[in-house]
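Chain residues, written in single-letter form:
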Amino acid sequence: MSEGRTRVGQVMMISVENLSKRYGAVTALDGLTFAIEPGVVGLVGANGAGKSTMIKILLGLLPATTGGARVLGLDVATDGPAIRQRVGYMPEHDCLPADMSATEFVLHMARMSGLPLTAARERTADTLRHVGLYEERYRSMGGYSTGMKQRVKLAQSLVHDPGLLLLDEPTNGLDPAGRDQMLELLRRIGTEFGIPMLVTSHLLGELEQICDHIVVVDGGRLLRSTSTADVTSASRILAIEVDERMDEVGRAMHAAGLLVHPAGRQLEVELVDDSTYDLVLDVVVQLGVGLHRLERRRHRMAEIFRVDPSLDPQSQASASTAGQAAAAALQQQWVTAAQNHRPQESDQPRGGDDEQ
Amino acid sequence: MSSDSGAGSGVIHDIGFRHYEGPRLGRGYLIRSLYADSLRGCYGLGRSTKSKIMPFLLLLVMTAPAVIMAVVAGVLGLDELPLDYVSYIFALSSAITIFLAAQAPATVSRDLRFRTMPLYLSRPLTRNDYVLAKYGAMSTALFILIAVPQTALFIGALLAKMEFWPNAKGWAAGLLGAFLLSLVLSGIGLLIASITPRRGFGVAAVITVLLLLTLVSGVLSALSYENDQAALSAYFALLNPVSLVQGVLVWTVNAESTYPEPPPGTLGGLVFTAVMLLVIAGSYALLAARYRKVSAS
């Protein structure tokens, strides 16, 4: 997204100006500048990249060392209480008392956001239903699974109908199915409920499925801030997975005039128009193999880094030289990771390949 | 799903997410809400069944003797209670201490242990508001624990057709004692609990500290009494929060003293009162300082 477009128009959801945070000798955030319009925004970076620090600063709970930030047009340095009244925050860590039921707890948290008792009751029931907690909401939370706990944490951030959600690693600790459900829930909250949000993750792959805009930080520095729409419209790819004879299927598709490349256990076919689907199905039927997967894949950030140098941060002339080097290194990591883990990118173990 | 034919025939509609346009109340309401939730929590209300056992058992322990005394007084036709109101509090002070030890950690350690603090701090509530609400809740819980048996004694005395005014005065003195003791014990209990995030440690720490203070104060007091240092003996009662409050009550409402010596004269009374106020203000200030350091993450 061009600088010019972000500076005009309505109130920015979040704008950050030369923001730095140092703890003694450790620099958590280093001269970040970006602005984001309301929408679903991903904040991506490895563990320790400064994501949680950023959220604390945006909540007005942690003072910036230099620079400043505005949330919904409010200054984090001076309007902390007003910001905290209007946002909902879901921490990365566990925060649920084990001896309370989800209903009691979310009701309490709704009142702690200023909702009168009747409204708090009503919205607690609604919100727990929206996040998908039903009968179990009357049980003590000590016995909840990680997936249920994440839902309650989300519910307490959502119950007062905030103007902005700050969600720190909402998919943390979830299994692949739970992760998909959580992402679907976040997508609904962003689109159907119309609540803008900042979601952090150390996995780029999951955020690009739901986000309009992605901010990438590494080692406290901004690598890029870009709209996913700009990026993902560039190319369209069909991911195909068959149960056997993949090479043969690939060759047959090539023979049928499709652009095919193997990617791990999948084949990627460039989607030209609807007839591409027919060609793929014809090949599969002819060879008599089982089709496990046929889906249109949004272009992955990692591929963008690889194939489109015009989207590289250095072309925006804003990143420092060190930032460029870090960007290049991280791109390389992601490309490697994408190649190694493509088939099950969403269920790679946490903290695996995204760390140095 | 909604459809025209469903109108008026009891169909459940999924109306989707509704935005909230109603009032958002300010910090005063947040403090009151946290106070109410914490006070309920002190008696295990809104918590698991297990959490209700201890506080209600102790409330029973505190109240049963009062009811029994009142019944006995009524049956025997006594013209005054066998134990006066203020003395009743100190006779049962160990039950009060156990309640504090059990519930102070449930009031504050819990939020540290389960890391719920960031959820409070990410809302408009300030750290000082949190301390105020928790201190208020713990004190009120203790006050209820002490005031219920006092009121049972008073009602019993009236039913036994004892004189009204002496009993009303005794009851009022008892409520004053309940109020002061609640403030002193809550401050100390919450302060200890706020630096012991593990609930079990918190319980043990509160009991240990109060027990040690009682022992040290009792031994020193008795030793100086034996050595004919009556005034010194009286002042050693300052070390024990329970006898500290007792000293203040002896001076203010002429309560009976179970210590070797009551605080000597007006000076003694003033010293006890000053120390008590210092303990209350000091533990509140330390608690506030402790919560300025609590991490928001």
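Residues numbered from 1 in each chain as written. Chains lettered and ligands numbered in written order. Predicted model: local features only at pLDDT ≥ 70, side-chain atom pairs only at ≥ 80, totals over all residues. Heavy atoms only, no water.

**Student:** Is there a simple way to think about the interface of chain B and chain A in this case?
**Tutor:** When the parts of a complex come together, some accessible area is lost, and that lost area is often taken as the interface size. Between chain B and chain A, the contact holds 33 residues from the first and 40 residues from the second. Counting each side, the surface lost to burial between chain B and chain A is near 3600 Å², with a carbon and sulfur contribution of 54%. The largest share of the area that chain B buries against chain A comes from Phe17, Arg24 and Arg123 of chain B, three residues that together contribute 21% of it. Taken together, the connections running from chain B to chain A amount to three salt bridges. (Contact = heavy atoms within 4.5 Å. Buried area = accessible area lost by both parts, 1.4 Å probe. Salt bridge = Lys/Arg side-chain N within 4 Å of Asp/Glu carboxyl O.)

**Student:** Where do I start with the UniProt feature "transmembrane region" (unreviewed entry) in chain B in this structure?
**Tutor:** UniProt feature "transmembrane region" (unreviewed entry): in the numbering of this structure it lies at residues 53-78, 85-104, 135-159, 171-195, 201-223, 235-253 and 265-287 of chain B. For residues 135-159 of chain B, helix accounts for 100% and strand for 0%, while the C-alpha atoms at its two ends are 36 Å apart. (UniProt positions renumbered as here; feature names shortened; annotations may be inferred. Helix = DSSP H or I, 4+ residues; strand = E, 2+ residues; numbered from the N terminus.)

**Student:** Hey, could you run me through the packing of helix α6 (residues 146-158) of chain A against helix α7 (residues 176-191) of chain A in this one?
**Tutor:** When two helices pack together, their arrangement is given by the angle between the helix axes and by the axis-to-axis distance. Residue and element names in this part refer to chain A. As a packed pair, α6 and α7 sit with axes 12 Å apart at the nearest point and diverge in direction by 15°. Classified by the interaxial angle, the pair formed by α6 and α7 is roughly parallel. Here α6 runs over α7; the crossing is right-handed. On α7, the residues touching Gln150, Arg151, Leu154 and Leu158 of α6 are Gln181, Met182, Leu185, Leu186 and Ile189. The class makeup of the residues in the contact of α6 with α7 is six nonpolar, two polar and one charged. (Axes fitted to C-alpha atoms, helices over the stretch in contact; angles between N-to-C directions. Parallel < 35°, antiparallel > 145°, perpendicular 65-115°, else oblique. Left-handed = near helix turned anticlockwise from the far one by under 90°. Nonpolar A, V, L, I, M, F, W, Y, C, P; charged D, E, K, R; others polar.)

**Student:** Could you clarify how one ought to interpret the sheet that holds strand β5 (residues 74-75) of chain A in this entry?
**Tutor:** The pairing of strands in a sheet happens through backbone hydrogen bonds and is either parallel or antiparallel. All names here are of chain A. With respect to topology, four strands assemble into an open sheet ordered β2-β1-β4-β5, the strand pairing being antiparallel. The sheet is open, and its two edges are formed by β2 (26-36) and β5, each paired on a single side. Across five bridges, strand β1 (residues 14-23) lies against strand β4 (residues 66-71) in antiparallel orientation. The partner of Ser20 across the bridge, within β4, is Thr66. Of the strands in this sheet, β1, β2 and β4 touch helix α2 (residues 51-58), which is tilted by about 115° from β1. (Pairing = 2+ DSSP bridges.)

**Student:** Any chance you could explain a nonpolar patch on the surface here in plain terms?
**Tutor:** A contiguous nonpolar patch, built from Val67, Ile68, Val71, Val72, Val75, Leu76 and Leu78 of chain B and spanning about 630 Å² of accessible area, is present on the exposed surface. By the element assignment, Val71 of chain B lies in helix α2 (residues 49-76). (Patch = residues over 30% accessible without salt bridge, like charges linked within 9 Å, V, L, I, M, F, W, Y side chains within 5 Å. Areas by Shrake-Rupley, 256 points an atom, 1.4 Å probe, with all protein chains shown as cover.)

**Student:** Looking at this model, I keep getting lost on the packing of helix α1 (residues 27-42) of chain B against helix α6 (residues 127-159) of chain B. Mind explaining?
**Tutor:** All names here are of chain B. Where α1 meets α6, the axes come as close as 8 Å, and the angle between the chain directions of the two elements is 40°. One element, α1, and the other, α6, form an angle in the oblique class. Here α1 runs over α6; the crossing is right-handed. Two secondary-structure elements touch here, α1 through Arg27, Ile31, Leu34, Tyr35, Ser38, Leu39 and Cys42 and α6 through Asp129, Tyr130, Leu132, Ala133, Lys134, Gly136, Ala137, Met138, Thr140, Ala141 and Ile144. Class assignment for the residues of the contact of α1 with α6 results in twelve nonpolar, three polar and three charged.

**Student:** What is the right way to look at the pattern of salt bridges in this model?
**Tutor:** Oppositely charged side chains may form a pair once their charged atoms are brought near each other. One pass over the structure, following the stated rule, counts 14 salt bridges over all chains. Residue Arg187 of chain A pairs with Glu184 of chain A through a salt bridge whose shortest N-O separation is 2.8 Å. Taken together, the residues Arg187 of chain A and Glu184 of chain A, both in helix α7 and three residues apart, mark about one turn of the helix. With a relative accessible area of 31%, Arg187 of chain A lands in the partly exposed category. Among the residues examined, Glu184 of chain A registers a relative accessible area of 38% and is labelled partly exposed. Among the ionic contacts, a cluster of salt bridges with common partners joins Asp99 of chain A together with Arg110, Asp111 and Lys134 of chain B. (Buried < 20%, exposed > 50% of the residue type's maximum accessible area, 1.4 Å probe, protein only.)

**Student:** Just checking my understanding: could you explain the packing of aromatic side chains for this structure?
**Tutor:** Note on aromatic pairs: each is described by the distance of the centres and the angle between the planes. Within the structure shown, the criterion is met by ten aromatic pairs over all chains. With a centroid separation of 4.3 Å and an interplanar angle of 10°, the aromatic rings of Phe193 of chain A and Phe17 of chain B are classed as stacked. On the criterion of chain membership, the pair formed by Phe193 of chain A in the loop between α7 and β8 (197-201) and Phe17 of chain B in the segment before α1 is interchain, its members lying in two chains. Among the residues examined, Phe193 of chain A registers a relative accessible area of 3% and is labelled buried. Phe17 of chain B sits in the buried class, given a relative accessible area of 14%. Three or more aromatic residues joined by ring pairs make a cluster, and in this case those are Phe154, Phe164, Trp165 and Trp171 of chain B. Directly above the ring of Tyr23 of chain A sits Lys21 of chain A, whose terminal nitrogen or CZ lies 5.4 Å from the centroid. It is Arg113 of chain B that lies over the ring of Phe114 of chain B; its NZ or CZ is 5.2 Å from the centre. (Phe/Tyr/Trp six-rings, centres within 6.5 Å; stacked < 30°, edge-to-face > 60°. Lys NZ or Arg CZ within 6 Å of the ring centre and 35° of its normal.)

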